[in-house]
Amino acid sequence: MQQGDGTEAQVTWEDQQNINRFGRLNNRLHELQDEIKLAKEANENLDDAGNELILSDEDVVRFQIGEVFAHMPRDDVETRLEQMKADAAKKLERLEEEKESILAQMAELKKILYGKFKDAINLEED
Amino acid sequence: MAAAAASTPQGVAERRGIPAAAFVEDVEAYLRQAGLDVNSALAFLQERLQQYKIVEMKLLAQQRDLQAKIPDIEKCLDIVAALQAKKALGEALIADFELSEGIYSRAKIEDTDSVCLWLGANVMLEYSCDEANALLKKNLGNAKASLEVLVADLQFLRDQQTITQVTIARVFNWDVHQRRSKQAVKET
């Protein structure tokens, strides 16, 4: 809350809970933004890998499992890569949906809190 | 480990050793009950905030460790699965591994019944593939459960920080309001 002129509305427990909820949502939003960035990179990497695979014409591909590169037949690698791409796309979609939901909830809370406290509270990103 | 916490109408009084911040219904009543003047109250609240920050740093470090551990365990599970798949096909697994920085070597792994798992503290133990799967899955489950509890702890902690910050602002504003009223009375 701002250090204001001392004439603002009283803060009830319900207000405090709304403020806490806003804080939690804001934290989760920042975490999500990082996770989305990583998920997008992973998606791009998988796409690049797929392209490389198409360009190469070797039968045996070195596929990374853990810390080692296992020799796998090309078809197996293609199948695995498709599966990984589908999983990654789904994960990214899930993260984006959660982000939308959080933004909506935060907008709601802003309306409520600004409505009661007006200038005495600042809910913007600094 | 269940958190033995006394509930108040405003939630639990503490969680796993982290004291809850008391919500102040009325600033004046709070200061009177505590027998504190404004500056002492503000000092006390600021100190509480610092203590919360310290615990937050610790929890964040633990969270980072767990978040690094989980993908490691998943990679181990992948390898064991790959070995078992090759064994089912009756083929050997050929893998390139890093011998030293930038230098790789080739290994042929035939007919594996067992794997060795690094348990930490310079100890490595041999397990059958099935046992290894079971142990790794259990460790993964534990790590994920610990992470969940940790995240909940962090949320609780951040809530207490927010409550404390709001209380500090309210006490300060009340003080400003008091001074202004006294000033107004003096001038009439």
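Given the structure is predicted, the values throughout are model-derived calculations rather than measurements.

Procedures and definitions
Residues numbered from 1 in each chain as written. Chains lettered and ligands numbered in written order. Predicted model: local features only at pLDDT ≥ 70, side-chain atom pairs only at ≥ 80, totals over all residues. Heavy atoms only, no water. Helix = DSSP H or I, 4+ residues; strand = E, 2+ residues; numbered from the N terminus. Rg over C-alpha atoms; globule rule 2.2 N^0.38 Å. Buried < 20%, exposed > 50% of the residue type's maximum accessible area, 1.4 Å probe, protein only. Contact = heavy atoms within 4.5 Å. Areas by Shrake-Rupley, 256 points an atom, 1.4 Å probe, with all protein chains shown as cover. Axes fitted to C-alpha atoms, helices over the stretch in contact; angles between N-to-C directions. Parallel < 35°, antiparallel > 145°, perpendicular 65-115°, else oblique. Nonpolar A, V, L, I, M, F, W, Y, C, P; charged D, E, K, R; others polar. UniProt positions renumbered as here; feature names shortened; annotations may be inferred. Patch = residues over 30% accessible without salt bridge, like charges linked within 9 Å, V, L, I, M, F, W, Y side chains within 5 Å. Salt bridge = Lys/Arg side-chain N within 4 Å of Asp/Glu carboxyl O. Lys, Arg positive; Asp, Glu negative; His and termini not counted. Charge placed at Lys NZ, Arg CZ, Asp CG, Glu CD. Expected span 1.5 Å × (residues − 1). Pairing = 2+ DSSP bridges.

Moving on to the overall build of chain A. Within chain A, the secondary structure is distributed over two helices and two strands. Each helix and strand of chain A, ordered N terminal to C terminal, gives the series α-β-β-α. The C-alpha radius of gyration computed for chain A amounts to 24 Å, which surpasses the reference 14 Å derived for 126 residues by more than 25%, pointing to a less compact arrangement than a globule. Oriented by its inertia axes, the alpha-carbon framework of chain A measures out at about 75 × 20 × 20 Å. For chain A, the residues scored as buried account for 32% of the 126 residues in total. Intrachain contacts of chain A at a sequence separation of at least 6 include 65% that bridge at least 24 residues. Roughly 8,200 Å² of accessible area belongs to chain A as shown, and the carbon and sulfur atoms make up 49% of that amount.

Before going further, it helps to examine the packing of helix H1 (residues 27-34) of chain B against helix H3 (residues 129-187) of chain B. Geometrically, a packed helix pair is captured by the angle between its two axes and the distance between the axes. Residues and elements named next belong to chain B. The contact between H1 and H3 brings their axes to 10 Å, and the two run at 95°. Relative to H3, H1 is oriented roughly perpendicular. Along its contact with H1, which presents Val-27, Glu-28 and Leu-31, the element H3 presents Arg-170, Val-171 and Trp-174. Each residue belonging to the contact of H1 with H3 can be placed in one class, and the counts come to four nonpolar, no polar and two charged.

Another point: the UniProt feature "coiled-coil region" (unreviewed entry) in chain A. In the numbering adopted here, UniProt assigns the feature "coiled-coil region" (unreviewed entry) to residues 22-112 of chain A. Secondary structure within residues 22-112 of chain A divides into 80% helix and 13% strand; the distance between the first and last C-alpha atoms comes to 11 Å.

This part takes up a negative patch on the surface. Taken together, the side chains of Asp-57, Glu-58, Asp-59, Asp-75 and Asp-76 of chain A make up a negatively charged region of the molecular surface. By the secondary structure assignment, Asp-76 of chain A is in helix H2 (residues 74-117).

Looking now at H2 of chain A. Every α-helix carries 3.6 residues per turn, so stepping three or four residues along brings you back to the same face. Residue and element names in this part refer to chain A. Taking 1.5 Å per residue as the helical rise, H2 with its 44 residues ought to reach 64 Å, and the 63 Å between its terminal C-alpha atoms agrees with that figure. Taken together, the buried positions of H2 are occupied by Arg-74, Val-77, Leu-81, Ala-88, Leu-92, Leu-95, Ile-102, Met-106, Leu-109, Leu-113 and Phe-117. Here the buried face of H2 lies against helix H1 (13-55), strand E1 (60-65) and strand E2 (68-73). Backbone geometry just after H2 places Lys-118 at a positive phi near 45°.

On to the sheet that holds E1 of chain A, then. Pairing within the open sheet is antiparallel, and its four strands lie in the order E1(A)-E2(A)-E5(B)-E6(B). Every interior strand has two partners, whereas the edge strands, E1 of chain A together with strand E6 (103-109) of chain B, have only one. Looking at each pair of strands side by side, their axes are set apart by 30° on average, direction ignored. Pairing geometry for strand E5 (residues 93-100) of chain B and E6 of chain B, over seven bridges, is antiparallel. Counterpart to Ile-94 of chain B in the pairing with E6 of chain B is Lys-108 of chain B. Its contacts with the sheet put H2 of chain A on E1 and E2 of chain A, and the angle it makes with E2 of chain A is roughly 115°.

Moving on to the pattern of salt bridges. Using the criterion set out here, one finds 21 salt bridges over all chains in the structure. Note that Arg-15 of chain B and Asp-153 of chain B form a salt bridge whose closest N and O atoms lie 2.4 Å from each other. In this pair, Arg-15 of chain B sits in strand E3 (residues 14-15) while Asp-153 of chain B sits in helix H3, placing the two residues 138 residues apart along the sequence. Overall, the relative accessible area of 22% leaves Arg-15 of chain B in the partly exposed class. On the basis of relative accessibility, which here comes to 2%, the residue Asp-153 of chain B falls in the buried class. Within the structure, one salt-bridge network assembled from shared partners comprises Arg-28, Glu-31, Glu-35 and Glu-98 of chain A.

Residues and elements named next belong to chain A. Residues Val-61, Phe-63 and Ile-65 line the buried face of E1, whereas the alternating positions Val-60, Arg-62 and Gln-64 sit on a face that is not buried. Where E1 meets E2, six bridges bridge the pair, whose relative direction is antiparallel. Residue Arg-62 lies in a different strand from E2, and its bridge partner there is His-71. The turn joining E1 and E2, which pair antiparallel and follow one another in sequence, is formed by two residues; a positive phi near 70° is taken by Gly-66.

The sheet contact formed by E2 of chain A and E5 of chain B spans two bridges and is antiparallel. Each residue of the ladder has a partner; that of Ala-70 of chain A, found in E5 of chain B, is Ala-95 of chain B.

Moving on, we come to a nonpolar patch on the surface. Residues and elements named next belong to chain B. On the surface, Leu-119, Val-123 and Leu-125 cluster together to form a nonpolar patch covering roughly 230 Å² of accessible area. Mapped onto the elements of the fold, Leu-119 is located in strand E7 (residues 114-120). With relative accessibility at 42%, the residue Leu-119 sits in the partly exposed group.

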